[in-house]
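The residues making up each chain are set out below.
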Amino acid sequence: MSNEVFPVSPEWAARAIIDEARYKALYEASLRDPDTFWREEAQRIDWIKPFTKVKNVSFDPKNLHIKWFEDGALNVSVNCVDRHLKDRPDQVAIIWEGDDPKNDRKITYRELHAEVCRFANVLKARGVKKGDRVTIYLPMIPEAAYAMLACARIGAVHSVVFAGFSPDSIAGRVVDCDSTVIITADEGLRGGRKIPLKANTDEALKKCPGVTSVITVRHTGGDVAMQAGRDVWYHEEAAKVPADCQPEVMNAEDPLFILYTSGSTGKPKGVLHTSGGYLVYASMTHQYVFDYQDGDIYWCTADVGWVTGHSYIVYGPLANGATTLMFEGVPNYPSTSRFWEVIDKHQVNIFYTAPTALRSLMREGDGPVKKTSRKSLRLLGSVGEPINPEAWLWYHRVVGDGRCPIVDTWWQTETGGILISPLPGAIAQKPGSATLPFFGVKPVVVDTEGKVLEGETSGNLCIADSWPGQMRTVYGDHQRFIDTYFIQYPGMYFTGDGCRRDADGYYWITGRVDDVLNVSGHRLGTAEVESALVAHAKVAEAAVVGYPHDIKGQGIYAYVTLNAGEQPTEELRKELVQWVRKEISPIAAPDLIQFAPGLPKTRSGKIMRRILRKIAEDDFSNLGDTSTLADPTVVGDLVDNRQNKG
Ligand code: PRX
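Residues numbered from 1 in each chain as written. Predicted model: local features only at pLDDT ≥ 70, side-chain atom pairs only at ≥ 80, totals over all residues. Heavy atoms only, no water.

Where an unreviewed UniProt entry is consulted, the protein chain appears under the name Acetyl-coenzyme A synthetase, with the organism given as Parvibaculum sedimenti. Per UniProt, the protein chain has the following entry under Sequence similarities (unreviewed entry): "Belongs to the ATP-dependent AMP-binding enzyme family." UniProt, in its Catalytic activity (unreviewed entry) section for the protein chain, records the words "acetate + ATP + CoA = acetyl-CoA + AMP + diphosphate". (UniProt positions renumbered as here; feature names shortened; annotations may be inferred.)

As C-alpha cells, this is what we get:
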C-alpha cells in the first residue's frame, strides 16, 4: 500500500474533457436519474431507429433481465467506420506495427470501409447470415479488426479465440456456440517465432463436425494444408467481391459478440454482449477515461483475443473516430526497448498496458526506457490485474517522466467496459488504487453474509445497478449467468473480486475471492487446469491454486496425486507442464508441481483449498483448523515436501 497522492495537474484540469467539478456533477446525475443521463449519452452513436425506452433491468434472480435502448436500431460497423467517412476519410484509423519492426501499415477510415465491406461480402458468399456465429482465430493483424467489424456489419455474432489457445480449447469454444465458419491465418508471429494457426485449426476441426468453412488469411506465407471444399484463402475470395456492403439493421439488444472467459467451475463460459448498450459504453469510457481528443494517437497493447482488445483496440476507439495502434509483437523483441521505440516511431500520446508487462520490463532497469524519447506521451493506463505501487511508481517516474497521469482501470470481460478508474483531469491518483467509479456505476462492498458495509471497509465487490455495457447472458446457459453473478448477493451483480474502500472512498481491488486465477493478466479457472492434469494417463487427482509471483502477479501451483505404481520423477513433472500447455495453452502451464500422495479433504471429500493456498504461499504458520480433515497427517507431508520456489 502506498499513501502517496498524485493530484490532477492544473494543465490536465484545464485541457481534459472531464474536470473534477464535471465528474462530480455528472456522477451524481447519473445515479439520480439514470434514464435522462443515458438517454443523452446514447446520442454519441448514430441510431438507424431512435430508441424510446432507455433501461429495462431487473437483478431479481427470479426475473432477471437486462435491456438497454431496447427499441432502438443501429449497426455497429456503421458507427465504427461509415460515419467517419464524412469528416475524416483520410485520417488513419489503424496503425499496424508488425512483430518485425520493419513491417508496419496505416489504414485510413476510407480504406477500412472498403476492407470491412469486402470481408463482409466474403462471409456472405460463404453463407453467413444474421445471427450466425463466426469464430475468429487470428493473430494481431488488421484483418482481425476487419473480420470483427464485418461480422457486425452483417449481423453475425463473432467469437474471437485468443491465438495462444490450443486446438482443444478452440474446439470447445467452436462447439459450444455452434459456429460453422472459422477465420484464421496461415501463421502468427510473436517475438520472431511462428505460431501454426491453420494447423491448430485443422487439428481442432477434427472435433468440430459442424464447421463447413475455413477462411484463411495469408500472413507469413508459410506452407499450410488446404482441404478442398472447406478451406479458402481470404485474398482469393476477397478479389471476387465488391468493396461495398449494405449494413444489416440491428436491434440494440441483438448480440454483437461472444467471448469465452474462465470461471471458478467447469468449462469457460460464453459471455454475451449486445449491440447498442455495449457500443455506447465502450465509446464513452474510451473517450472519458483516456481523455481521447481528435488527432491523438492511442495504443492499447492487449490482444484482440481478450475483452480489452474488443473494447479498447477495436470498438471504443473506432466508434470515436480515433487512430488506434495494433501491435503484433511482444515487449521484449527485438529488444526490451520495443514498447518505447514504437511510441517514438508512431508518436503515441496515450498508452495502455498490463502490470505484468511493466514488471517484466522494470526488471531490465531504466536504461532501455531512458534511451528513447517518449515526449509524445501524455497519458498512461493499466489494466488486467492489481498494479503494485512499485510498478505504478516506475511507470509514472521512468516511462512517463513524472509527467503523465496513470489510469488504473478496473473491469472485467463481463462488464464490457471500464467500471472503476481515475478520469485523468478529474481524480487524484493513489498508486495501486483504481480510485472511483465511472458514471452510472454504483460499487457496493459486502461481507460474506451479504451485509452492505459502509465507509472505510473491506469485503467483496458488488455493483448495485446495471450499466449499458453489462453482459446479458452466458451463451446457451442463462441459468449459469444467474447462478454465477446474481444468487450470492440478491439484487446485486457480484464481481468475484475482493476490495478495500479507504477513507476517501477510493477502491483498492485486492484480487479474486473465487477459484479464478489471474496469471500475467490472463484469466484462468483452477478447475480448467485441474481437468487438463487429470486427463493425463498417470494422474489420479489434481488441485490447483495460485501463489504470489513477482512478474506474473500470480503463478500456478499444482498438487498432483499419481495413479498407484507411478513414480514422481523430474521427467514426469516436465511432461505434465508440456501436457497442460498442449491441452489448454502455454499461459496455463503450471509454474510449480508438487507430487502429493494425498490431498487435504474434509470427511465429505471436499478438497480444502484454503490449506493448499497457504502452503503454496509458504505461509505455514496460519494453516487454520485441520482437525476436520479426513486425514490430518497429509498436511504435514505437504508442508515437508513443498516444492522449492527455485
Ligand atoms: O480480478 C480482476 C482483474 O481481472 C479480472 C477480470 O479479468 P478479465 O475478465 O480477463 O478482464 C481483464 C481485462 C479487463 C477482474 O475480476 N482486474 C482487471 N483489471 C484490474 C483487475 N484487478 C485490479 N486492478 C485492475 N485494474
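Read on, since the account is not over.
A. Representation of the overall build of the protein chain in the model. Broken down by element type, the protein chain carries 20 helices and 31 strands. Its C-alpha atoms give the protein chain principal-axis dimensions of about 75 × 65 × 60 Å. Counting only residues that meet the buried cut, the protein chain has 61% of its 646 residues in that class. Residue pairs in contact within the protein chain that sit at least 24 positions apart in sequence constitute 71% of those at least 6 positions apart. Charge centroids of the protein chain, computed over 72 positive and 82 negative side chains, lie 2 Å from each other. (Helix = DSSP H or I, 4+ residues; strand = E, 2+ residues; numbered from the N terminus. Buried < 20%, exposed > 50% of the residue type's maximum accessible area, 1.4 Å probe, protein only. Contact = heavy atoms within 4.5 Å. Lys, Arg positive; Asp, Glu negative; His and termini not counted. Charge placed at Lys NZ, Arg CZ, Asp CG, Glu CD.)

B. Structural context of the UniProt feature "domain: Acetyl-coenzyme A synthetase N-terminal" (unreviewed entry) in the protein chain. According to UniProt, the feature "domain: Acetyl-coenzyme A synthetase N-terminal" (unreviewed entry) maps to residues 23–80 in the numbering used here. Overall, residues 23–80 shows 40% helix and 17% strand. The separation of its end C-alpha atoms is 26 Å.

C. Spatial organisation of the UniProt feature "binding site: Mg(2+)" (unreviewed entry) in the protein chain. Under the feature "binding site: Mg(2+)" (unreviewed entry), the UniProt entry names Val-534, His-536 and Val-539. Mapped onto the secondary structure, Val-534 falls in helix α17 (residues 526–534). The contact partners of Val-534, leaving out residues within four places of it in the chain, are Val-539, Ala-540, Glu-541 and Ala-542. Inspection of the secondary structure puts His-536 in the loop between α17 and β29 (539–549). The buried category is assigned to His-536, whose relative accessible area is 7%. The residues touching His-536, leaving out its near neighbours within four places in the chain, are Leu-572, Glu-575, Leu-576 and Trp-579.

D. Local environment of the environment of Gly-469. Looking at where Gly-469 falls in the secondary structure, it is placed in the loop between β23 (457–463) and β24 (473–474). Given a relative accessible area of 1%, Gly-469 falls into the buried group. Along the primary structure Gly-469 and Gly-416 are separated by 53 residues, whereas in three dimensions their C-alpha atoms are 4.8 Å apart. If near-sequence neighbours (up to four positions away) are discounted, Gly-469 is found in contact with His-273, Gly-277, Tyr-278, Tyr-281, Glu-414, Thr-415 and Gly-416.

E. Here's a closer look at the environment of Glu-40. Looking at the element boundaries, Glu-40 is found in helix α3 (residues 34–41). Sequence separation of Glu-40 and Val-54 is 14 residues, and the distance between their C-alpha atoms is 10.0 Å.

F. View of the pattern of salt bridges. Under the counting rule described, the total for this entry stands at 43 salt bridges. The salt bridge involving Lys-55 is made with Asp-465; its shortest N-O contact spans 2.6 Å. One end of the pair, Lys-55, is in strand β1 (residues 55–58); the other, Asp-465, is in the loop between β23 and β24, and 410 residues separate them in sequence. With a closest N to O distance of 3.0 Å, Glu-253 and Arg-472 form a salt bridge. (Salt bridge = Lys/Arg side-chain N within 4 Å of Asp/Glu carboxyl O.)

G. Representation of the sheet that holds strand β4 (residues 92–97). Strand order in the open sheet made by the seven strands is β5-β4-β17-β16-β18-β19-β20, with mixed pairing throughout. One side of each edge strand has no neighbouring strand; the edge strands of this open sheet are β5 (104–108) and β20 (406–409). Shown here is a sheet whose adjacent strand axes are inclined to one another by a mean of 20°, direction ignored. Of the pairings in the sheet, the one linking β4 to strand β17 (residues 323–327) comprises four bridges and is parallel in character. Bridged to Trp-96 within β17 is Met-326. (Pairing = 2+ DSSP bridges. Axes fitted to C-alpha atoms, helices over the stretch in contact; angles between N-to-C directions.)

H. Just the nonpolar core, in detail. Within the largest apolar cluster, 163 residues are counted, with the highest numbers of intra-cluster contacts made by Leu-112, Tyr-315 and Phe-439. Filtering out sequence-adjacent residues up to four positions away, Tyr-315 remains in contact with Val-76, Cys-80, Met-148, Leu-149, Ala-152, His-158, Leu-256, Phe-257, Tyr-278, Leu-279 and His-310. Ile-297, Ile-343, Phe-351 and Met-362 belong to the second largest nonpolar core, which has 30 residues in total. (Core = buried A, V, L, I, M, F, W, Y, C linked by side-chain atoms within 4.5 Å.)

I. Local environment of the confidence of the model for the protein chain. Overall, the prediction assigns the protein chain a mean pLDDT of 96, with 99% of residues at 70 or greater. The ipTM assigned to the predicted complex is 1.00, against a pTM of 0.96. (pLDDT = per-residue confidence, 0-100.)

J. Structural view of the state of the cysteines. Scanning the entire structure with this criterion turns up zero disulfides. Between Cys-177, a free cysteine, and Cys-208, which holds the nearest cysteine sulfur, the sulfur-to-sulfur gap is 9.7 Å. Owing to a relative accessible area of 0%, Cys-177 belongs among the buried residues under this scheme. Cys-499 provides the cysteine sulfur closest to Cys-462, a residue in no disulfide bond, and the two sulfurs are 9.2 Å apart. (Disulfide = S-S within 2.5 Å.)

K. Summary view of the domain arrangement of the protein chain. Assigned domains of the protein chain: these are domain 1 (10–80 + 286–511) and domain 2 (520–641). One C-alpha centre belongs to domain 1, the other to domain 2, and the line joining them spans 33 Å. Between domain 1 and domain 2, the residue contacts involve ten residues of the former and nine residues of the latter. Looking only at domain 1, the three residues that lose the most surface to domain 2 are Trp-306, Thr-356 and Arg-359, adding up to 57% of its buried area. Applying the counting rule to domain 1 against domain 2 returns one salt bridge. With a shortest N-O distance of 2.7 Å, Arg-523 and Glu-414 are connected by a salt bridge. For the pair domain 1 and domain 2, the interface holds four residue pairs in polar contact (both at pLDDT 80 or more). (Domains from an automatic or database assignment. Buried area = accessible area lost by both parts, 1.4 Å probe. Polar contact = N/O pair within 3.5 Å; in protein donor to acceptor, adjacent residues only side chain to side chain.)

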